[in-house]
Each structure stands twice: as C-alpha cells, then as structure tokens.
Amino acid sequence: MMGFCYFYLIAILGSLLLGNEGASVVFTAQPTFVMDGFNQTLSLRCSLDNNRKDKDREIQSIFITRGLTKETHKETVAYIKQGENATAKADLLFINVTGLLNHTDPEGQGYLNLEWKESSAKQAAVYECKVKTALGTKNATLNIKNVVIESKHLLEKISGLEKETLKIETLEQTNSQKIDAFEKIVNLRLSAIENTLNAVAGLHMETGAVNSVKEEFDKKHGHNKKLRKLVDFKVPYQRTPVVYGAISKLDSSKHANLRIRFFIVDISRYSFTLEIETWADTTLHEVQISWLSFDTTL
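Scoring rules and cut-offs
Throughout this description, residue numbers start from 1 for each chain and increase along the sequence as written. Confidence filtering applies because this is a predicted model: local features only for residues at pLDDT of at least 70, side-chain atom pairs given and counted only at 80 or more, and all residues used for totals across whole chains, interfaces and linings. As a convention, hydrogens and water are excluded, and side-chain values are obtained from all of the structure's heavy atoms. Here a strand is any run of E in DSSP of at least two residues, a helix any run of H or I of at least four, and the numbering for each starts at the N terminus. Residue exposure (1.4 Å probe, protein chains only): buried if accessible area is under 20% of the type maximum, exposed if over 50%, otherwise partly exposed. Contacts between residues were defined by any pair of non-hydrogen atoms, one from each residue, lying within 4.5 Å. Computed with a 1.4 Å probe, the accessible areas rest on the Shrake-Rupley method; for each residue, only the protein chains presented here act as cover. Strand pairing requires that DSSP identify at least two bridges connecting the strands. In this analysis, axes come from line fits to C-alpha atoms, helices being fitted only over the stretch in contact, and the angle between any two N-to-C directions falls in the range 0 to 180 degrees. Centres within 6.5 Å make a pair out of two Phe, Tyr or Trp rings, where for Trp the six-membered ring is used; the pair is then stacked when the planes are under 30 degrees apart, edge-to-face when over 60, and tilted otherwise. Whenever a pair of cysteine sulfur atoms sits within 2.5 Å, that pair is classed as a disulfide. The working definition used for a salt bridge is a side-chain nitrogen of Lys or Arg within 4 Å of a carboxyl oxygen of Asp or Glu.

- Identification of the protein chain as H-type lectin domain-containing protein from Lymnaea stagnalis is taken from an unreviewed UniProt entry.

Right, dumping it as structure tokens:
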C-alpha cells in the first residue's frame, strides 16, 4: 500500500513539474480555415515547446485526432511513437505526414507535421494534439473552420471587372459622362470583391489606387510613352499575392483618339510595378488605376 501511495505521489509531482516548468504543446495551422472549390494546402504542426530548463526530456509519442466538437468521438489523423515512423490514419490519398521525436529547433522539441495537398470541407474539424512524455501528457486544440463562399460568384465579379476594363481600353472617344459612369462601375466592382473577400477569416488583402498626370507623360518622348510606378504593400504577404487592376479615372484630349493600356508586373511579396502606356498622338491628362491584391491561399 505504501509503495502504491509513493508511486502515486511521484506521478502527481511529475505532472506538477511539467506544468511549473511551463511545458506546453505548440499546435499551429496554416491557414486556419478550408474552402471547397479552391485548391489550397493545409498544414498542421504539433510539438512540445523548448522554453524549459530540461530540453532533453524524452518524448514518447505525439497523436493528432479530430472531431466535429471537443466532445464528439475523435478520429486519429496521424501519430508518431518511439521506434515507429510518422504514420497517417486518415485522408490517406491527400495527406503527407512527417515527424521526429528527438528533434529540437527554435519551434519546439519533437514534432509531427501534417500537410494536405488539397483541402476541403472534410478537413474542417476540432483537432487535438497530445504529446506524451515520461512525466505526463499535454494537449492543445485547434479549430479548422469551413468558410462557405461561392467561388463561382467571386470569379464572376473578377471577370466582370476585367470586361469593364476592356470596354474602357477600346473607347475611341471619351467625355465626362462616360468617365463618371465607368468610374462608378469599376468602384462598385472593387467594393463588391473586397466585401466578398473580407468574409474569409484571416485573409490578407489590400487595395489602393495609382494616379498619373499629364506632366509625367509629357516627359516621355517617342511613339510609345510608358510610365512605371512601384507600389509597396503596407504589410508583406506570406506568399506572392494575386493583383488585379482596373482604370477607375481617365481624362484625355478630345483632339486625338484614346489609346491606353496598363500592365501589372514584377509582383512579389512586398510590391508590384504598374506600367501605364499610351502611344501616337494621344494626350492623357490624368489616369487612375485602382488595384486589389489578395493572398493566393484562395
């Protein structure tokens, strides 16, 4: 009886030590949502933090399970044990699993990493990671949400934006009424897209406008007059974003045909370059290009 009590006391003290040293499970996801209709990847990583004095504590196993809620039956998605390789138990056709128990890096001690090449609503669930050591088990949870958004609706809006741009580019003459009408249409399109994209939790998106005036074009000589303007994002993207643009304001001389085109080039995580071009005898007094960028997680 005394032996049992002694063992029980040691187990309790071990659990307290694990908690007092600040040991915790580091469980992260990228992104934190899934969307049907988009070929997006989903990554989960679980490890034990290494902000502890005892960084050499031996990890016995890491298990990742999931259920619709914390209380529902949990399905084992993947695990790694001592003496065994990281193994997937669910979504076998789409998931890649890697892991090491004796690995230590700035992100944590030991790890189990899951990556879905194509995610869908099936991966939307409450995920739990359990890390077992000689002193006890620690766990953490993540809620991967299913964002319901009609991708077809979004693409139709973008397609409509491109059509309005083509209409403006093919105009031979312009006047204030046409300018106002097209400016209103383009701004409404951009607003609709922005509102739709804002429905996606955690999505990085930025909008803006670039203006050019007559004096800038007057400095250019030759048949083709091209301006290049560098646009910096307010916050760097995690990956190269998609950037769309449209002519939202245009003022040109009535004494020559309207000729204008623009290109968005050199897109990176930090910036892009806007090229605005006219040619022949066209005189542009003012051009405004509105742009929209968003994360390619979509």
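1. Remarks on the overall build of the protein chain
- Broken down by element type, the protein chain carries four helices and 16 strands.
- Residues classed as buried in the protein chain amount to 44% of the 298 residues present.
- Considering only contacts in the protein chain between residues 6 or more positions apart, those separated by 24 or more positions represent 67%.
- Split by element, the accessible area of the protein chain, about 16,500 Å² in all, is 52% carbon and sulfur.

2. Notes on the sheet that holds strand β12 (residues 224-232)
- Ordered by their spatial adjacency, three strands build an open sheet running β12-β15-β14, and the pairing between neighbours is antiparallel. At either end of the open sheet lies a strand with only one pairing partner, and these are β12 and β14 (261-265). Recorded for the sheet is a direction-independent mean angle of 20 degrees between the axes of neighbouring strands.
- Inspection of the sheet shows β12 paired to strand β15 (residues 271-279) by nine bridges, in the antiparallel sense. Of the residues in β15, the one forming a bridge with Leu227 is Ile276.

3. Regarding the packing of aromatic side chains
- The full count for this structure, using the stated rule, is seven aromatic pairs.
- Ring centres 5.1 Å apart and planes at 15 degrees place the aromatic pair Phe63 and Tyr79 in the stacked group. On the criterion of sequence distance, the pair formed by Phe63 in strand β4 (residues 59-67) and Tyr79 in strand β5 (residues 75-81) is long-range, its members being 16 residues apart.
- With a centroid separation of 6.3 Å and an interplanar angle of 15 degrees, the aromatic rings of Tyr244 and Phe294 are classed as stacked. Of the two residues, Tyr244 sits in strand β13 (residues 242-252) while Phe294 sits in strand β16 (residues 284-294), which places them 50 residues apart along the sequence.
- Since its relative accessible area comes to 23%, Tyr244 is described here as partly exposed.
- An aromatic cluster of three or more residues is present, and its members are Phe233, Tyr237, Phe272 and Trp291.

4. Re the state of the cysteines
- Going through the model one piece at a time under the given rule, you end up with one disulfide.
- Here Cys46 connects covalently by a disulfide to Cys129, the sulfurs 1.8 Å from one another. A torsion of -85 degrees about the S-S bond marks the disulfide between Cys46 and Cys129 as left-handed. Placement of the pair is Cys46 in strand β3 (residues 42-48) and Cys129 in strand β9 (residues 125-133), with a sequence separation of 83 residues.

5. Things to note about the pattern of salt bridges
- Within the structure shown, the criterion is met by nine salt bridges.
- A salt bridge links Asp91 to Arg66, with the shortest nitrogen-to-oxygen separation between them at 3.0 Å. In this pair, Asp91 is assigned in the loop between β6 (87-88) and β7 (95-105) and Arg66 in strand β4, connecting sequence segments 25 residues apart.
- Taking the relative accessible area as the measure of exposure, Asp91 reaches 9% and is therefore buried.
- A salt bridge links Asp295 to Arg239; the nearest nitrogen and oxygen atoms lie 3.0 Å apart. Note that Asp295 is positioned in the segment after β16 and Arg239 in the loop between β12 and β13, a separation of 56 residues in sequence.
- In this structure Arg239 comes out as partly exposed when scored by relative accessible area, which is 29%.
- In the salt-bridge network here, residues are joined through shared partners; they are Arg66, Glu75, Asp91 and Lys122.

6. Description of the sheet that holds β13
- Taking strand neighbours across the sheet as the criterion, the three strands line up as β11-β16-β13 in an open arrangement whose pairing is antiparallel. Whereas interior strands pair on both sides, the edge strands pair on one side only; in this sheet they are β11 (205-213) and β13. Across this sheet, the average inter-strand angle for adjacent strands is 15 degrees, counted without regard to direction.
- With nine bridges joining them, β11 and β16 adopt antiparallel strand pairing. Bridge pairing in β16 places Thr207 opposite Leu292.

7. Digging into the side chain of Glu277
- Structurally, Glu277 is set in strand β15.
- Setting aside anything within four residues of it in sequence, one finds Glu277 in contact with Asn224, Lys225, Lys226, Arg259, Ile260, Arg261 and Phe263.

8. Looking at the pairing of β3
- In terms of burial, β3 is a largely internal element, six of the seven residues being buried.
- The sheet contact formed by strand β1 (residues 25-30) and β3 spans six bridges and is antiparallel. Bridging from a neighbouring strand, Ala29 pairs with Leu44 of β3.

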